[in-house]
Amino acid sequence: MVDFQQMVRERLKDIGLSPVREAEIVDEVAQHLRDRYESHLSNGVSAQEAERQIAAELYERDLARELRDIEKRWSEPVTLGADERGSFWSGLWQDVRYGSRVLRLNKAFTAVCVLSLALGVGANTAIFQLIDAVRMRTLPVKNPQELAVIRPNVDARAGRIHGYMPSVTNRMWEQIRKRQQGFTGVFAFGYEDFNLATGGQVRSAQGMWVSGEFFDVLGIQPILGRLFHREDDHAGCGMPGAVLNYRFWQREFGSDTNVVGKTVRLEGHAFPVLGVTPASFKGITVGHGFDVAVPVCSEPVFNPEQPLYTLPQGWWLVAMGRLKPGWTLEKASAQLGSVSAGIMEDTLPPAYQEDLRKKYLSQKLYAYPGATGLSQLRGQYESPLWLLLVIAGLVLVIACANLANLMLARASAREKEIAVRMALGAARGRVVRQLLTESLLLALAGALLGVALAFALSAALVRYLTTKPGTVFLELAMDWRVLGFTAGLAVLTCVLFGLAPALKATHAAPARIIRLAGRGLTATRERFSLRRGLVVTQVSLSLVLVVGALLFARSLRNILTLDAGFQRDGMVEVDIEFERLNLPPARRVPFRESLLERVRALPGVIAAADTSVVPISGYGWSSNVVVGGQQVDIVVQMSNISPGYFRTMGTPLVIGRDFDERDNQQSPKVAIVNQQFAKKFFGGDALGKTFQIAADRGEKRYDFQVVGVVRNTKYYDLRENFEPLAFYPEAQDDKPDTWTQMMVRSDLELASVINGVKAAIAQVDSGVSVDFHPYDRQIKDGLLRERLLAMLSSFFGILAAVLATIGLYGVIAYMVARRTNEIGIRMALGASPRQILAMVVGEAGSLLVVGVMIGAVLAVAAGKSASTLLYGLKPYDPLTLVLAAAGLGAVAIAASLLPARRAAKLEPMVALRDE
Amino acid sequence: MDVTSSVFDRELKKGSAELLILSLLEVRARHGYEISQLIEQRSEGTLKFNVASFYPLLYRLEKRGWIEGRWVEKAGQRRRRYYRLTASGKKMLKEQRRTWAEFVEAMRRITGVGQSV
């Protein structure tokens, strides 16, 4: 009889069914043919004829074609045996499904791996994005690499220094424009906050002074109207117009396309809108956007009494240029250098004293790289950010070590499974691929979660770093290169450590492993020492990070709790501006006093006072003083204040009196100094003594008599040492400004204080502009860098400690599992549970001690490089080291207690039977 | 190859054969050979399946969920695959019967064929 099965099988050959399905069909159809054959025979048909008829029927139609539409074509299911027919890819899907099932079954293992990876990848990407935004991204303008910043090589700035990172005066800028040759175009700009409101609560807009060439040299095209050109910018231009930033136009004008010709009110002055810049142009300074730009020549409109525009010592602009083709920064600098002497000669402020004149004249102009714009953030945040990146990198290393450890442990645990599979005929490559697939699945999941984390983390960071609501601090873009790099590293780790043991395990003869499976081949010293090494690395690195976290957290605490000489809580700073009232100078101080009186009368207000300089605001006024006819070479910080200032600030008067109504324009000039001033200049006994402020050339010097000494207070920065300070009564100021800062101390809620003060001031005159800043929050904002470091390093430190603990736990648990048999023998021979416990914990302890010792050395070395970022601490602060080591040790030992207790509780007989 | 079977094979694809199979499975579960024999016998040889079209048709019905196959081993016999009607198969059978009746009735009215039957 013919082989009907073979007949059918042949017809199905090319269709690519799964073997199982093919067998089913072959079975069923062949059975049918057999039945038919037998029926033919019973009807008296000859065997030969019956065969012929059946073959004819089967071959008449194409079974394969009929089936093709119905039957799913299966990818080759490859059993773990050597399958000659399988292509490299065959069975891959099966591997993926199997792998994900295995991972689902080991939830804890999978979660730890994926989270470790995600945190490592996400954190690194997020921090790198910040660095990129602060440090490396070029300006979104035409050919940014051609841009250069033109400024003097030494800082001889004195006089009025105004705005954001100014480096030239207007006169200097005009001379640069006239005499430079290396640039196709040069431009200047400066920053100013404009108040959009006309009285009442201030609504700030970030303003920019720009020279006429600004937009043309940068190559910015308007999306509406026109931008400034050279001819718009000339002395006495008045208010030729304003150019709006795209976002500002959206926000303030609702994207009105007819905005050109409408007006925008800046400090009450109506500027016609000329045009709108494209959305892509966000300004030229990283971390400092702009809302509205007005020409440099409009500045006198805002400061008619003492315009920076004409003031020789008014530093308020930044000069930049676009290099000519073929010109380098060196060549342009050389050309600028050759004309510097002439420029300095022509622009020397006449008010400068002799030593300052010398310094000013010695300045040389240089061209510095300008492709990435200008940024103060860069100086402030660059080193902390790099440090954070190093920290995040270490976390990634620890995470990878953890991963390696876990993968090693797993591969060892699965040796028996692998051996069984190989004994059943699985090809080595096939088993390796299976393990590889699992590693890749883990890595992929980790990397994906890492991406999500990177997005979330960088968004959170930007929110954290944006102190003023509504201002764009930084634009962060997902950096796929970094992401790719970190994810690649993670994948590599997974693959390497997932594979190494797999390769090794598949080397050995299966029978041997199966026989030895209880104790395992991998319990050998060699493999185990690799895992110990990894744990020691983890412990030491995480100690470094924990020490770092503690150092930064303690630094922040030191700064936050240090005695600044005043009480930070319960105060609101009120910025008051009344230029619009056009008060003559003589009436300004009485007007301020009338405001103060109103505010002091408010219920809940404990004290209130004016000051020209708010401590720790970053602004200041300083000068040299003349004591006993000799100019002293120590700079003294100064401030004009109203009576009651020290009471408001909570700064105690050590000796003498506060200012009062006796101190006025007619009375002799007086001052209150701090202890440091008294000590430096008068040997501690300053009361009644006199000194002078070093005046500009040609100005009269007044004698100031010290009427009081107050406790030392910080001035610019909480981190500084106490410097000599002098306070003068604002009533004796011969050029009182049309603005002041009122400090209000109150025990009421913030909102009610603000509302009360706002109403009280509006009652005096509704044209007064006010802006409020809760003082303690402002100080905290000023400590952003320290807080960022403390927060992130703590986060990473904890993370590192957790990862290291998991690593240690894994190794110890693994050791216990591997040595169950041995533990059984020990117990059978009389070891007590306590001894077993001690043995296991001792094992953990020895790893910990080695790790901590290495870590301590590393931490001290690493601390030195971060010493400039610390406050009130030494990098090798012993307390911090001990705290970190003790904390890490306690957590790690606690973690190893779990497997240790499990070991101690073993029944000797059960343990001995353990395979 | 006889003409009827060729025509009928074409009909298979049009779906009338489905009705035949579903009807035969209404009473009890049957294996493929039995179904094809019953069709041949009851139509007195007029309707005949080619094996290469018949099994694909069964698989299609199975895939649609109208019938369900199960391997059954009986003592002294080779294992066979028995098909039975599923719930949705029953619904489909009812529907196809109605459609078919309407179709036959329409044909009858027009052609006059089968009037006396």
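1. Some details on the overall build of chain B
Logical step 1: Counting its secondary structure elements, chain B contains five helices and three strands.
Logical step 2: Along chain B, helices and strands appear, N-terminal first, in the series α-α-β-α-α-β-β-α.

2. Things to note about the interface of chain A and chain B
Logical step 1: Listed per partner, the contact involves 16 residues of chain A and 15 residues of chain B.
Logical step 2: Put simply, the parts of the chain that give the side of chain A that touches chain B at least two residues each are α2 (19-42), α3 (47-60) and α4 (63-68) of chain A.
Logical step 3: Tallying contributions element by element places α2 of chain A first for the side of chain A that touches chain B, with six residues.
Logical step 4: Partitioning the side of chain A that touches chain B into residue classes produces six nonpolar, two polar and eight charged.

3. Quick notes on the environment of Gly207 of chain A
All names here are of chain A.
Logical step 1: When you line up the elements, Gly207 lands in strand β6 (residues 204-210).
Logical step 2: Gly207 sits in the buried class, given 23 other C-beta atoms within 10 Å.
Logical step 3: In sequence terms Gly207 and Asn245 are 38 residues apart; their C-alpha atoms lie 9.9 Å from each other.
Logical step 4: In contact with Gly207, other than residues within four places in its own chain, are Glu192, Asp193, Phe194, Leu266, Phe290, Asp291, Val292 and Val294.

4. Some words on helix α7 (residues 170-179) of chain A
All names here are of chain A.
Logical step 1: Of all 10 residues in α7, eight are buried; the element is thus mostly enclosed.
Logical step 2: Where α7 is concerned, the buried positions are Asn170, Arg171, Met172, Trp173, Glu174, Gln175, Ile176 and Arg177.
Logical step 3: For α7, the elements touching its buried residues are β1 (147-152), β3 (168-169), β4 (183-195), β12 (314-323), α11 (329-347) and β13 (365-369).

5. Considerations on the packing of helix α5 (residues 92-105) of chain A against helix α15 (residues 428-465) of chain A
Residue and element names in this part refer to chain A.
Logical step 1: Where α5 meets α15, the closest approach of the two axes is 9 Å, and the angle between their N-to-C directions is 60 degrees. Here α15 runs oblique to α5, going by the angle between their axes. In this structure, α5 meets α15 at a crossing whose hand is right-handed. Each of Asp95, Val96, Tyr98, Gly99, Ser100, Val102 and Leu103 in α5 lies in contact with α15, whose residues at this interface are Arg433, Gln434, Thr437, Glu438, Leu441 and Leu442.
Logical step 2: For the contact of α5 with α15, the class distribution of residues is six nonpolar, four polar and three charged.

6. As for helix α4 (residues 51-64) of chain B
An α-helical turn contains 3.6 residues, so any two residues separated by three or four positions project in the same direction.
All names here are of chain B.
Logical step 1: Helix length check: α4, at 14 residues, gives a terminal C-alpha distance of 20 Å against a target of 20 Å (1.5 Å per residue), a fit within 8%.
Logical step 2: Across the 14 residues of α4, 10 count as buried, placing the element largely inside the fold.
Logical step 3: Within the span of α4, buried status applies to Val51, Ala52, Ser53, Phe54, Tyr55, Pro56, Leu57, Leu58, Tyr59 and Leu61.
Logical step 4: Just past α4, the residue Gly65 takes up positive phi, approximately 85 degrees.

7. Considering unusual backbone geometry
All names here are of chain A.
Logical step 1: Positive phi, normally seen in glycine, also occurs at Ser255, with a value near 60 degrees.
Logical step 2: Secondary-structure assignment places Ser255 in the loop between α9 (246-253) and β9 (263-266).
Logical step 3: Judged by C-beta crowding, with 12 C-beta atoms within 10 Å, Ser255 ranks as exposed.
Logical step 4: A positive phi angle, close to 55 degrees, is found at Asn582, a residue other than glycine.
Logical step 5: As for its position among the elements, Asn582 is in the loop between β14 (571-577) and α19 (585-600).

Conventions we followed
- Residues numbered from 1 in each chain as written.
- Chains lettered and ligands numbered in written order.
- Predicted model: local features only at pLDDT ≥ 70, side-chain atom pairs only at ≥ 80, totals over all residues.
- Helix = DSSP H or I, 4+ residues; strand = E, 2+ residues; numbered from the N terminus.
- Contact = placed C-beta atoms within 7 Å.
- Nonpolar A, V, L, I, M, F, W, Y, C, P; charged D, E, K, R; others polar.
- Buried ≥ 20, exposed ≤ 12 C-beta atoms within 10 Å, placed from the backbone.
- Axes fitted to C-alpha atoms, helices over the stretch in contact; angles between N-to-C directions.
- Parallel < 35°, antiparallel > 145°, perpendicular 65-115°, else oblique.
- Left-handed = near helix turned anticlockwise from the far one by under 90°.
- Expected span 1.5 Å × (residues − 1).

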